[in-house]
Amino acid sequence: MKLNWKNLSIATIGGMLVLSAAAAVAFSQGPPQGPPPPPPGGGLRGGPGGPGGPGGPGPRDGLGPLGRDLNLTEDQKGQIKKITQSFEEGDKALHDQMRALHGSEPDPMSGNFDEAAVRSAAEARAKIVIELEVSHAKMMSQIAAVLTAEQKTQLAAKRQQFERQGPPPPPPGFPPQP
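Residues numbered from 1 in each chain as written. Predicted model: local features only at pLDDT ≥ 70, side-chain atom pairs only at ≥ 80, totals over all residues. Heavy atoms only, no water.

1. Brief notes about the overall build of the protein chain
Along the protein chain, the regular secondary structure elements total four helices and zero strands. Counting from the amino terminus, helix and strand elements in the protein chain follow one another as α-α-α-α. Counting every position in the protein chain, which comprises 178 residues, the buried fraction comes to 18%. Considering only intrachain contacts with a sequence separation of at least 6, the fraction spanning at least 24 residues in the protein chain is 59%. For the protein chain, the exposed area adds up to about 13,500 Å²; of that, 62% sits on carbon and sulfur atoms. (Helix = DSSP H or I, 4+ residues; strand = E, 2+ residues; numbered from the N terminus. Buried < 20%, exposed > 50% of the residue type's maximum accessible area, 1.4 Å probe, protein only. Contact = heavy atoms within 4.5 Å. Areas by Shrake-Rupley, 256 points an atom, 1.4 Å probe, with all protein chains shown as cover.)

Right, dumping it as structure tokens:
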């Protein structure tokens, strides 16, 4: 078989053009737009994707990772579960109010900035956050009443260890670079 350099050159140039076009299309797509996906299991406590919320891990035990090694009895687990479920039900209205406020907050990019409306929405959200923090502290106080003195000591030591370590590093690629 005789090699035809003319046909080979045309085929090579055609292949390079196809690859160049494919690369141009791929690079023109750019990085994905929009907010980054939430971290696995991440979300607000009781909110979508968060502990105790839709799409998140099951009902909270109230102690999170701090309670793993406390060797809770079945009775303690049952009492803590009852306490956390009670507070989740009680806090549901506050979480619903927070979602409604986020959905109705004014858009600062609309061109019509209304400082009074933005301030009012921020103050309303702050009041809800305060109520949620008080509720959480009350829940933790009730959970502490279920623990033995030894478990409370272990929990205090684990909390100090977590505080010394600081927050975990952000996931790779967060925040997204422009």
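Here the narrative resumes, following the displayed structure.
2. Describing unusual backbone geometry
Non-glycine residue Asn71 carries a positive phi angle of around 50 degrees. With respect to the element layout, Asn71 can be found in the loop between helix 1 (5–29) and helix 2 (74–104).

3. Concerning the confidence of the model for the protein chain
Looking at the protein chain as a whole, the pLDDT averages 75, with 62% of positions reaching at least 70. Of all the helices and strands in the protein chain, helix 1 carries the lowest mean pLDDT, 59, while helix 3 (residues 115–146) carries the highest, 92. Between residues 52–59, whose pLDDT stays under 50, and residues either more than four places distant or in other chains, the model counts 19 contacts. (pLDDT = per-residue confidence, 0-100.)

4. Structural notes on the nonpolar core
Burial of nonpolar side chains together is a common tendency in soluble globular proteins. If you look at the biggest cluster of nonpolar residues, it comprises 10 residues: Leu70, Leu72, Ile80, Ile83, Phe87, Met139, Ile143, Val146, Leu147 and Leu155. Those elements giving two or more residues to this core turn out to be helix 2 and helix 3. (Core = buried A, V, L, I, M, F, W, Y, C linked by side-chain atoms within 4.5 Å.)

5. Considerations on the environment of Val118
Secondary-structure assignment places Val118 in helix 3. Between the alpha carbons of Val118 and Asp107 there is a distance of 8.9 Å; along the sequence they are 11 residues apart.

6. Structural notes on helix 3
Between the first and last C-alpha of helix 3 there are 47 Å, a value that for 32 residues agrees with the 46 Å anticipated at 1.5 Å per step. Inspection of helix 3 places Ala121, Ile128, Leu132, Ser135, Met139, Ile143 and Val146 among the buried residues, and these make up the whole buried set. Buried residues belonging to helix 3 abut helix 2. (Expected span 1.5 Å × (residues − 1).)

7. Observations concerning helix 2
Relative to the 45 Å expected for 31 residues at 1.5 Å per residue, helix 2 spans 44 Å between its end C-alpha atoms, a close match to the ideal helical length. Considering bend angle alone, the principal kink of helix 2 is centred on Asp91 and spans about 40 degrees. Where helix 2 is buried, its residues meet helix 3 and helix 4 (149–165). (Bend = angle between axes of the 7 residues up to and from the residue.)

8. Comments concerning the packing of helix 2 against helix 3
Direction vectors running N to C along helix 2 and helix 3 enclose 180 degrees, while the axes themselves pass 10 Å from each other. When the interaxial angle is binned, helix 2 and helix 3 end up roughly antiparallel. The class makeup of the residues in the contact of helix 2 with helix 3 is 13 nonpolar, eight polar and four charged. (Axes fitted to C-alpha atoms, helices over the stretch in contact; angles between N-to-C directions. Parallel < 35°, antiparallel > 145°, perpendicular 65-115°, else oblique. Nonpolar A, V, L, I, M, F, W, Y, C, P; charged D, E, K, R; others polar.)

9. Notes on the pattern of salt bridges
With the rule as written, the count across this model stands at four salt bridges. Here the residues in one salt-bridge network are Lys92, Asp96 and Arg99, joined through shared partners. (Salt bridge = Lys/Arg side-chain N within 4 Å of Asp/Glu carboxyl O.)

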